[in-house]
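# Per-entry structural report
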Amino acid sequence: MTEDAGGALPLKTTIIRFIILLAASCGVGVAGLVTKVLDTNQAVTCGVFIGIIFGTLFFWNFRLAVAFLGLAVLMFSRSLDVPHFVKYSELNVILFLVGMMVVVGALRDLGFFTWIVQLIVSMPNLSGWKFVSVTAVASALLACAVDEVTSIIFIATLIFQVCDRLKLDPTPYILIAVLCTNVGSAGTMMGNPVGILIGSKGGLTFGDFMIWSFPLMLASLLATLALMLFLYRKSLREFDRKLKARLDQGLTLVPVIRIPYRAGLTLIVLTTLAIASHHQLENLFHLQPNTVLYIAPLICAGIVMILKPNRARHYIETEVDWWTLLFFMMLFAVAGTLKYTHVDQVIATKFSGCAGSGTLTLVPFIFTTSAIGSAFVDNVIFVASFCPVIEQLSLNVKDFPLWWALLFGACFGGNITMIGSTANIVALGMLEKHSGRHMTFFRWLKVGLISTVLSGLIAVGGVLLLEPLMEDRYVPLSFEQIEQLTAQKRTFEGKNVEVTGYFHISGKPRLSGGMAEVEVVSPEVDRPVVLSALLPAKYLAVGGRPLDLLTGRYVIRGKLTTRADHSLRMIIDEVEPAAVKSRK
C-alpha cells in the first residue's frame, strides 16, 4: 500500500524493508519456540503469516508473490498439505466474489450508477448539508448492495463534478463520503469481502445480517454523518454561498441527462432478492446451508453473459479482479493453517485470559483489536486470520456477538488511517489525480479516529444491548474438547452444546423440579469422561425406571455451565438416539 502501482522502490529502501520482514517473521517463530508457547509447525505458520503481513505492507505490488512463497514454505515444512490447502482456500467465497464482480460490471454498462448520480444532482433545494448527507448515505447504501470500492468510485466522481463547478476543495467531501462508505460496508455480507467471509465461517445468513448488523450500521452511519456535518460546518457554509452565487447567474450545477436505468435496476433488485432469500430456498430444496448464497451471483452473472454475449469475455477478463482473488485464495489458505496447526487454540486461550469468557468483555476487546489491526493491515488479512480464533472462542461463548464485533471492528477500523481500507486508497488516489491535493496521515487520523470511536461505541453498545435476544446455537463438542477447554481455564456460562455419549444412571434417579440427576459418559471406553447432568423427567419411564438410556448412544443437547467448584454441569434440553449401533 505504500508505493504507487507502477513505482519501484530504491534499492536501499527495498533491502531495509526486506531485512525488517525477515526479522519480524523469524523473530515471531523463534520467540514462540523459545517460550514454548508454540511447537515447530505452529512457529513456522506464525512466522509465515507475519511475513505475509509485512510483505503486504512493504511490497504492496508483490503481495501475491509473497503469498505464493509463503504457501510454499508451509508446504515444504509440512505445516500444510494439499487437501487442507483446497479446504481452506474458501472457493465458495471466491466464486461469490466472481459472480458479484460480473454483476457490478454489467450494472456499470447499463448505466445504473450514472442514474444514481443523476438522482442526487437533480435534488430540489440543494444545499451543502443536503448534498453531503445524500452523497454519504448513498455511498453507504451502495456499498451494502455492491461493494465499497465501486460505491466510492461513482460517488467520488459526482463530488469532483460538483466541486469543480463551485470551485471548492473536494477533500472534505471525499473524506466524509469514504468514512461513511466504510461504515456502510458492514451493513450486509455484500458490502465488503470480510462480510461474506464472516458469513461463511460463522454460518450467518443474509437475514442474520439484515436483522442484527444492518440496523446497527444505520445508527453508526447517522452518528458518523452528524459528526462530519459538525466538523465541516464551515465548508458547508462555503458550499451554500458558492451554490447561491452560481444559481443567481442562471447556471446549473451539473448537466442532468436521462439514463435508461430500468435494466440495471432490475438486475440489482433480482440479484439482491436471490441472495436475500437463500436461506428459504435452501430449506425448500433441502440444500446445504449457504449453497444458494454462493451460487446466486453466479446465476445472475451467467444470465447477464447470455443476454450480452459480446461483453461476456470482457466481464470475465476485465471486470473480475483475478489478481486480488488469487491473493485472497492464498491468504485464506495460509490463515487456515492457523487452525490446522492449532494456533487458533493458543490465541483463543490468551484472549480468554486477557478478556475473560463473557461477551461483556470479549465484544469490546474483539472490536478494539480488529479495528486497530484493520487500520494498518488489510482487513481481509486480519479477518481471515481471526476467524479461526472466533470459532475457538465460540466453543464456550455465544458466537453471534463475537462475529458482529469482528465485522464492525474490521469495517469501522478502516476509517482510522488512510491505508485502512481499499476504498480509502482508491478515493485518495482519485483525489490526488483529479485535483493534485494530498492527504497527510495525521490529518486523516484526526478525523478518522474520532469517527471510529463514535461509531464503535454505538456498534459495541448495540451488540451488547441486543446480545440477550441473539440465538445461542448448539455447538458440537467432543468430551476431549471439553477437557481441553477446562484445562485452559475457559468457563461455560450456560453455553448451548451438543455432545454424543451414554447415560449412567445409578439406581433410582433423584428427581428435583422435573429433572433427574444423571451422568453422561463419553464414548471412549479406555478413558471415559463423566459429565454431571440434569435430565428432564419426560425421558424416564413412569416410576423412575429408565427406558433404554442405559444401553443406547445418544446425541444430547443442553446448556453447559462451570460451577463454583470448577466442575461442569449440563442441563439437558433434548435427547435423540445417535445414528450408530448401541454399545455392547
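Everything in this summary refers to the structure shown in the same document. Note that the coordinates shown come from a computational prediction; the quantities given were computed from them, not determined experimentally. (Residues numbered from 1 in each chain as written. Predicted model: local features only at pLDDT ≥ 70, side-chain atom pairs only at ≥ 80, totals over all residues. Heavy atoms only, no water.)

Two elements in contact, helix α17 (residues 322–340) and helix α20 (residues 379–393), have axes separated by 9 Å at closest approach and are oriented at 30 degrees. Looking at the two axes, α17 sits roughly parallel to α20. Like other packed secondary-structure pairs, α17 and α20 cross with a definite hand, here right-handed. For the pair α17 and α20, the contacting residues are F327, F328, L331, F332, A335, L338 and K339 in the first and V380, I381, A384, S385, P388 and E391 in the second. (Axes fitted to C-alpha atoms, helices over the stretch in contact; angles between N-to-C directions. Helix = DSSP H or I, 4+ residues; strand = E, 2+ residues; numbered from the N terminus. Parallel < 35°, antiparallel > 145°, perpendicular 65-115°, else oblique. Left-handed = near helix turned anticlockwise from the far one by under 90°. Contact = heavy atoms within 4.5 Å.)

For strand β1 (residues 475–476) and strand β2 (residues 493–504), the ladder comprises two bridges, and the chain directions are parallel. When the sheet's bridge partners are listed, P476 is paired in β2 with E498. Taken together, β1, helix α24 (residues 479–487) and β2 form a β-α-β motif whose crossover is right-handed. Both β2 and strand β6 (residues 554–562) contribute to a ladder of eight bridges, which runs antiparallel. Within β6, the position partnered with K495 by the bridge is L560. Here β2 runs beside strand β4 (residues 515–521); their pairing, made up of three bridges, is antiparallel. Paired with F503 across the bridge in β4 is V520. (Pairing = 2+ DSSP bridges. Right-handed = clockwise from strand over helix to strand, strands pointing away.)

Even without being glycine, R78 reaches a positive phi, approximately 60 degrees. Non-glycine residue H342 carries a positive phi angle of around 70 degrees. With respect to the secondary-structure elements, H342 resides in the loop between α17 and α18 (343–355).

Counting residues in hydrophobic clusters, the biggest one holds 152 residues, and the most contacted among them are I366, W404 and L406. Beyond its immediate stretch of four places on either side in the chain, I366 contacts F351, F386, I390, L393, L402, A405 and L406. In terms of nonpolar packing, the next biggest core, distinct from the first, is built from 27 residues, V475, F492, F503 and A533 among them. (Core = buried A, V, L, I, M, F, W, Y, C linked by side-chain atoms within 4.5 Å. Buried < 20%, exposed > 50% of the residue type's maximum accessible area, 1.4 Å probe, protein only.)

Moving on, we come to the pairing of β4. Of all seven residues that make up β4, five are buried, and the element is covered over most of its length. The pairing of strand β3 (residues 511–512) with β4 spans two bridges and is classified as antiparallel. By the bridge assignment for β4, S512 is matched with M515. Hairpin connection between β3 and β4: a loop of two residues separates the two successive antiparallel strands, and G513 in this loop has a positive phi of roughly 60 degrees.

As a further point, take a positive patch on the surface. On the surface, R233, K234, R237 and R241 cluster together into a positively charged patch. Considering the arrangement of structural elements, one finds R233 in helix α12 (residues 233–248). (Patch = residues over 30% accessible without salt bridge, like charges linked within 9 Å, V, L, I, M, F, W, Y side chains within 5 Å. Areas by Shrake-Rupley, 256 points an atom, 1.4 Å probe, with all protein chains shown as cover. Salt bridge = Lys/Arg side-chain N within 4 Å of Asp/Glu carboxyl O. Lys, Arg positive; Asp, Glu negative; His and termini not counted. Charge placed at Lys NZ, Arg CZ, Asp CG, Glu CD.)

Moving on, we come to the environment of L560. Structurally, the position occupied by L560 is in strand β6. Along the sequence, L560 and G70 sit 490 residues apart, while their C-alpha atoms lie 40 Å from each other. Residues within four places of L560 in sequence aside, it is in contact with I482, F492, E493, G494, K495, V497, L531, L568, R569 and M570.

Its 14 residues place the ends of helix α9 (residues 171–184) 20 Å apart at the C-alpha level, agreeing with the 20 Å of an ideal helix rising 1.5 Å per residue. Counting buried positions over the 14 residues of α9 gives 14, a clear majority of the element. (Expected span 1.5 Å × (residues − 1).)

On to the packing of aromatic side chains. Each aromatic ring pair is summarised here by two numbers: the centre-to-centre distance and the angle between the ring planes. Applying the stated criterion to the full structure yields 18 aromatic pairs. Consider the rings of F112 and F113, whose centres lie 5.5 Å apart with planes at 75 degrees: the pair is edge-to-face. When its relative accessible area of 6% is taken as the criterion, F112 is described as buried. With a centroid separation of 5.3 Å and an interplanar angle of 20 degrees, the aromatic rings of F131 and F239 are classed as stacked. Residue F131 is located in helix α7 (residues 128–145), and its partner F239 is located in helix α12; the two are separated by 108 residues in the primary sequence. As far as the burial class goes, F131 and F239 line up, both buried. Between the NZ or CZ atom of R63 and the centre of the ring of F327, over which it lies, the distance is 5.8 Å. Positioned above the aromatic ring of F230 is the side chain of R233, whose terminal nitrogen or guanidinium carbon lies 4.3 Å from the ring centre. (Phe/Tyr/Trp six-rings, centres within 6.5 Å; stacked < 30°, edge-to-face > 60°. Lys NZ or Arg CZ within 6 Å of the ring centre and 35° of its normal.)

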